[in-house]
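What follows is each chain in one-letter form.
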Amino acid sequence: MFWNSIFLLHINFCTNLSFLINMAASNSSLKVNRELLDPNFESYRLSLDAIPTYNVELDAAVEEVKLKDTQYTLEHMRAFGMYNYLHLDPWYEDSVLFVDCKGRVLSLSVTLDTALGKPREVYSLTSDASQCEDRVCASLSLTSATWAALSDGAGRLTLLRTGMRGDGSFTKWEPLFSEDTGEPFSLLHSVSHVQDGVHSMEVLLLRIQKEPQETKGSGFYVSLEWITVTNTAGQGQEKKYEVKKRRVLNGKTVPHYAAVEPKGKGLMVASEKPFAFTHVDGLPVQLPDPEPMEVEKTDPIYFWQQTAEDVTVFVRMPEGVTKEAVQFRLTADQIMLGVQGFPPLLEGQLFAAVDPEASAWIVKDDKSLEVTLQKREEGPMWSELVIGDKRGEYVMSDEQAALLHERLTFLTSEDMNGNPDKDKPPCNSQELEDCDGFPEDGSSLTHFDGESLKPSQVVNLGSHQYLFTVDVNPSEMPCFCLRHDVDALLWQPRPDQPGNMWEHIATFNALGYVQASKRDKKFATCAPNFSYASLCECLRRAFIYRQPSPVETVLFNRKQGRQIGQVAKQQVASLDSDKPILGFRATNERLYILTSSNLFILKVNNN
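Right, let's walk through the structure included here. (Residues numbered from 1 in each chain as written. Predicted model: local features only at pLDDT ≥ 70, side-chain atom pairs only at ≥ 80, totals over all residues. Heavy atoms only, no water.)

Observations concerning the overall build of the chain
Within the chain one finds 4 helices and 40 strands. Counting all 607 residues of the chain, 46% fall into the buried class. Relative to all contacts within the chain whose residues are 6 or more apart in sequence, the contacts with residues 24 or more apart total 57%. Accessible surface, the chain: about 31,600 Å² in total, of which carbon and sulfur atoms supply 49%. (Helix = DSSP H or I, 4+ residues; strand = E, 2+ residues; numbered from the N terminus. Buried < 20%, exposed > 50% of the residue type's maximum accessible area, 1.4 Å probe, protein only. Contact = heavy atoms within 4.5 Å. Areas by Shrake-Rupley, 256 points an atom, 1.4 Å probe, with all protein chains shown as cover.)

In structure tokens form, the structure reads like this:
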């Protein structure tokens, strides 16, 4: 009972302070597109419709590498034990690749499900990686429509010119760059770009290394190496690729998401612990000491408070201002407040949506203006008033300050109080679900500038759990999916739009809650056109969650007394195999599931 009470206290403490932490830890935010949310979504309905499933038996087993006794940490499991061995070609729909135990890179393109061929060899690893003691799984990254990057799992990086992979000719890939980096790594991402007529490729590698002098914890840390390989041959000469630049950044946890910008001008990393650049071309990164400077302290232009229902803003006004001189415009997500003849005192995008009809303002004592904004969605606390505006000051109400003081009392009291809410029953941990837990460490999403190697924007992800990464448009950075309340929201990075660097492009209703109940979940993904999302377990089963679609027959909700116009279907597929699932990818029409000896193809949608 005592520990149940401590757990509840921890959850309440984090909940009440999370918006204050966000204010201090982040300089940007993810802006949810409310039009993509469905507040009327009820649930998924189990559909017993059969899913056509096709099976391709492999000539040789998939190259699965088991973790060694020395690779015992959680980070080793995340990076290598949960690796997705199946690779989807984003440039050519319904084309998948994998590496088998003979070192062959095999490709299968599907045009007709009932006439499936055998996977064809496009490249074969020449080195014997099995001799490497700390070997990891071979990994592949499709760099562009005509290039690919390959790791043999033992430390060798190969860049291959593939030709047009989708023309059906299945020409062998040609290696134009190969280097033994010295230590095993896994490929995370790669891009190809041309600048001033010079072709370059950016490759991102992941390693888990041991710090011999580290005495705390396991001593392992995560290293990301960002390599730029450039064609150094002159015009008309035979292509010659060499490493132009190496950058290394280190952290404590395997990143959920890491990708290079399409033109190699920056890097994005989402992780539980922060990353920082440590070396460039083998030399330590020299961060200049900040010069001492005197900062002139200015009084805030406005103060603001909030409750779960509304926000109150107090704005300083020039003396003698009348009501007629006040300029005020308010929409659901924008505010402009000023005085005629002066620059705006408050202007920009609000942190969250408000109800303009229920909001009001009033001039007090000809010195200040009081604005009351009615929140459209009750409950969530704002971390800032106007996004990016630092000229105001947040003031907690007396009730909030008292609650905070009460929550923190046990930290300074000699008598450890396990239950500060004496009038409330203790929490029963057995009643909590996975989705009720609050993460101990807040994850962050960071954009690093490629020139300065410094973070340009940081988003505190807080309790927004990472779910999966997917390529929607091969010409853009990979998308990532985060849990938002019970839903799963898909975000598209836009590095060329600093004011809105991450765009909310799709929503999978209730998927955040649904996936929390899948204790044996291994992989998750979605179709590039967002028509469905899918999860798979370690063995045999896959779950498909479709977007709501109109129903052919009339359905009636008896509890609410209304007719239902749309239904979201859930389907379950069970594979005829007792071997672990090693790879899991989705296209608009098909779901691909890889085991050590079979490639299963599920026809999910029809054109």
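The discussion continues.
A few points about the environment of Gln570
Topologically, Gln570 is positioned in strand 37 (residues 562–574). A relative accessible area of 16% means that Gln570 is categorised as buried. C-alpha separation for the pair Gln570 and Ile544, spaced 26 residues apart in sequence, amounts to 5.6 Å. Non-local contacts of Gln570, meaning those with residues more than four positions away in its chain, are made with Tyr44, Arg45, Leu46, Ser47, Phe543, Ile544 and Tyr545.

A short note on the pairing of strand 8 (residues 147–151)
In terms of residue burial, strand 8 counts as a mostly covered element, since 5 of its 5 residues are buried. Here strand 8 shows a buried face lined by Trp147, Ala149 and Ser151 and a second buried face lined by Ala148 and Leu150. What sits between the antiparallel neighbours strand 7 (residues 139–141) and strand 8 is a turn of 5 residues. Two strands pair when backbone bridges link them, and strand 8 and strand 9 (residues 156–161) are joined in this way by 5 bridges, in the antiparallel orientation. (Pairing = 2+ DSSP bridges.)

A few points about the side chain of Asn605
Here Asn605 is to be found in the segment after strand 40 (598–603). Side chain to side chain, Asn605 and Arg546 meet in a polar contact 2.7 Å long. At 2.9 Å, the side chain of Asn605 forms a polar contact with the backbone oxygen of Asn588. Residues contacting Asn605, with those up to four places away along its chain left out, are Ser531, Tyr532, Arg546, Asn588 and Glu589. (Polar contact = N/O pair within 3.5 Å; in protein donor to acceptor, adjacent residues only side chain to side chain.)

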